[in-house]
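# Secondary and tertiary structure notes
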Amino acid sequence: MSLALLAPLGLVALTALALPLLIHLVRRLELTTTEFAALHWIAERVRPRRRLRFERPWLLLLRLALLALLALLLARPVWMPPAALARAWIVVAPGVDRSAARTALSGIDADWHWLAPGFPRMDDALSPTDVPLASLLRELDVELPADTLLTVVVPPELAGLDGERTRLTHVLDWRVVAGRMRDPDAPLTSAAARLVVRYVPEAEASLAYLRAAVAAWNVREPRRYELDMQPASVLIPDDAAWLVWLAPSTPALTQWIEHGGVALLVNASDSAGAPLWRDAHDVVLAREETTGRGRTLALTGAFAPRDLPNLLDADFPDRLLTALKGPPPAPTRAPATAARPQHDASIPASALRSLATARPLDIWLALLIAGVFLLERLIATRSRVQSPT
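On a predicted model such as this, the values are computed, not experimentally measured, just so you know.

## Quick notes on the environment of Leu 299
- Looking at where Leu 299 falls in the secondary structure, it is placed in strand E15 (residues 294-299).
- Excluding its chain neighbours within four sequence positions, the residues that come into contact with Leu 299 are Leu 264, Leu 265, Val 266, Asn 267, Ala 268, Ser 269, Trp 277, Leu 285, Ala 286 and Leu 308.

So this is what it looks like as structure tokens:
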């Protein structure tokens, strides 16, 4: 058990202790001179000595104690009872070989849990999750008692990281065993990406170039991409990955893009987005613009060689796919040895434990201050009554 101060700057109020000392000194120096006629015939040979002496010392001590207790109250003291020793935890990242983890930590007596939402026990079934590993580590660091012995078991390569190095208040044991994690950014299923094309009869000549582009994509990734070509009157399906709109704009199209869709539009010369493609004369052929939660790739002309010369380039299918996918996301995978969390020592573990179990002493201090104040008033009043007039 120990005592701690939540606001130690409140002890600055202890400087007020000088006030009652000065008051008692000033009162001591207020001397009254009384003239005695007989003293005029006595020669002054030895000057009297003055000693520093406080009047009514008990009253002074009470006033000093009262100010000290007020300063302590401003510092917000708390009482910290001893915390029970927490049981050790071993958390295993999904994808780790369980038998390899059990073998590597066979001599440790601890509770085994999955590094997954809710931190279920190792014996429970584990469902696929999209929660990043870094977020789970930070959540576990907050929930566990500060004195818990924490061991984290991970595979050689980690997924679900973010741009910031993970910092934890726990000093943990970082173990790397065999296994492989699924990337939470990857889809849970390997469904094909669908390119939806909606067109008017005047734009049927452009369909051949789109068929050739999708066929080129599937050469590199067999059966990965599907092509859905239908007239503009057919609704846009919900599972569309991208949309090529070869028709005049409609409110339904705008709403689909604002909800997160990615669409390539034609004859959109009024677009104010950033230049995406240029011709040999540095003329802008297409612009990229954010619309709501989605994106638009706006061609200044038609999807035809006369308005889009790049359409005949051998690398145009790859450029079209890159534009539809957008900028690549930040890397979320890294070797486990390089992604070990750092220990954040800015908040000591003992302080975290104390804040969770601390008992404030404000009420008891207030009662003690009230008692000292009443006692000081009682002594001050009696001293005033008993003093000669």
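From this point on, the discussion continues.
## Details of the pairing of strand E4 (residues 111-114)
- The side-chain alternation of E4 yields two buried faces, one formed by Asp 111 and His 113 and the other by Trp 112 and Trp 114.
- As defined by bridge partners, strand E3 (residues 89-92) adjoins E4 across four bridges and the pair is classed as parallel. Looking at the pairing, Ile 90 lines up with Trp 112 of E4.
- The handedness of the E3 to E4 crossover, carried by helix H3 (residues 98-104), is right-handed.

## Quick look at the pattern of salt bridges
- A full pass over the atoms with the stated rule returns 11 salt bridges.
- With a shortest N-O distance of 2.6 Å, Glu 288 and Arg 295 are connected by a salt bridge.
- According to the relative accessible area criterion, Arg 295 is buried, its value standing at 15%.
- Sharing partners across several salt bridges, the network here consists of Arg 63, Glu 376 and Arg 377.

## Quick look at the pairing of strand E14 (residues 284-291)
- Here strand E13 (residues 274-278) runs beside E14; their pairing, made up of four bridges, is antiparallel. The partner of Pro 275 across the bridge, within E14, is Arg 287.
- Joining the antiparallel neighbours E13 and E14 is a turn of five residues, in which Asp 282 adopts a positive phi near 65 degrees.
- Two strands pair when backbone bridges link them, and E14 and E15 are joined in this way by six bridges, in the antiparallel orientation. Of the residues in E15, the one forming a bridge with Glu 289 is Thr 296.
- Where E14 folds back onto E15 in an antiparallel hairpin, the turn is made up of two residues, including Gly 292, whose phi is positive at roughly 65 degrees.

## Focus: the sheet that holds E3
- On the basis of which strands lie adjacent, the open sheet formed by four strands has the order E4-E3-E5-E8 and parallel pairing. Lying at the two open borders of the sheet, with one neighbouring strand each, are E4 and strand E8 (172-176). Each strand of the sheet is rotated relative to its neighbour by a mean of 20 degrees, with strand direction disregarded.
- Relative to strand E5 (residues 150-154), E3 is paired through four bridges, and the arrangement is parallel. Pairing of Val 91 across the sheet is with Val 152, part of E5.

## Some words on helix H5 (residues 207-220)
- For H5, which comprises 14 residues, the first-to-last C-alpha distance of 21 Å matches the rise-based estimate of 20 Å (1.5 Å per residue) to within 8%.
- When H5 is considered as a whole, its buried residues turn out to be Leu 207, Leu 210, Ala 213, Val 214, Trp 217 and Asn 218. Here the buried residues of H5 occupy an arc of 135 degrees about the axis, which is enough to place them on one side. Turned more than 90 degrees away from the buried face of H5 sit Val 219 and Arg 220, all of them exposed.

## Notes on the sheet that holds strand E11 (residues 242-246)
- Spatially, E10-E9-E11-E12-E15-E14-E13 is the arrangement adopted by the seven strands of the open sheet, whose pairing is mixed. Two strands lie at the open edges of the sheet, namely strand E10 (225-231) and E13, each paired on one side alone. Taking the axes of each pair of neighbouring strands and ignoring which way they run, one obtains an average angle of 20 degrees across the sheet.
- Seen against the sheet, H5 touches strand E9 (193-199), E10 and E11 and runs at an angle of roughly 165 degrees to E10.

About the cut-offs
The residue numbering used here restarts from 1 in each chain and proceeds along that chain's sequence as written. Only residues with pLDDT of at least 70 are given local features in this predicted model, and only at 80 or more are side-chain atom pairs given and counted; all residues enter the totals for whole chains, interfaces and linings. Processing note: side-chain calculations cover all non-hydrogen atoms of the structure and skip hydrogens and water entirely. By the criteria applied, helices consist of DSSP H or I runs no shorter than four residues and strands consist of E runs no shorter than two, each listed in order from the N terminus. Contact criterion: two residues are considered in contact whenever any of their non-hydrogen atoms come within 4.5 Å of each other. Between buried and exposed lies partly exposed: a residue is buried under 20% and exposed over 50% of the maximum accessible area for its type, with that area taken using a 1.4 Å probe on protein chains only. Any two strands between which DSSP finds at least two bridges are classified as paired. Here is how to tell: hold the view so the strands point away, follow the path from the first strand over the helix to the second, and if it runs clockwise the crossover is right-handed. What counts as a salt bridge is simple: a side-chain nitrogen of Lys or Arg found within 4 Å of a carboxyl oxygen of Asp or Glu. For every element, the axis is a line fit to its C-alpha atoms; helices are fit only across the contacting stretch, and the angle between N-to-C directions ranges from 0 to 180 degrees. A helix is expected to reach a length of 1.5 Å times the quantity of its residues less one. It is the directions from the helix axis to the C-beta atoms whose arc is reported.

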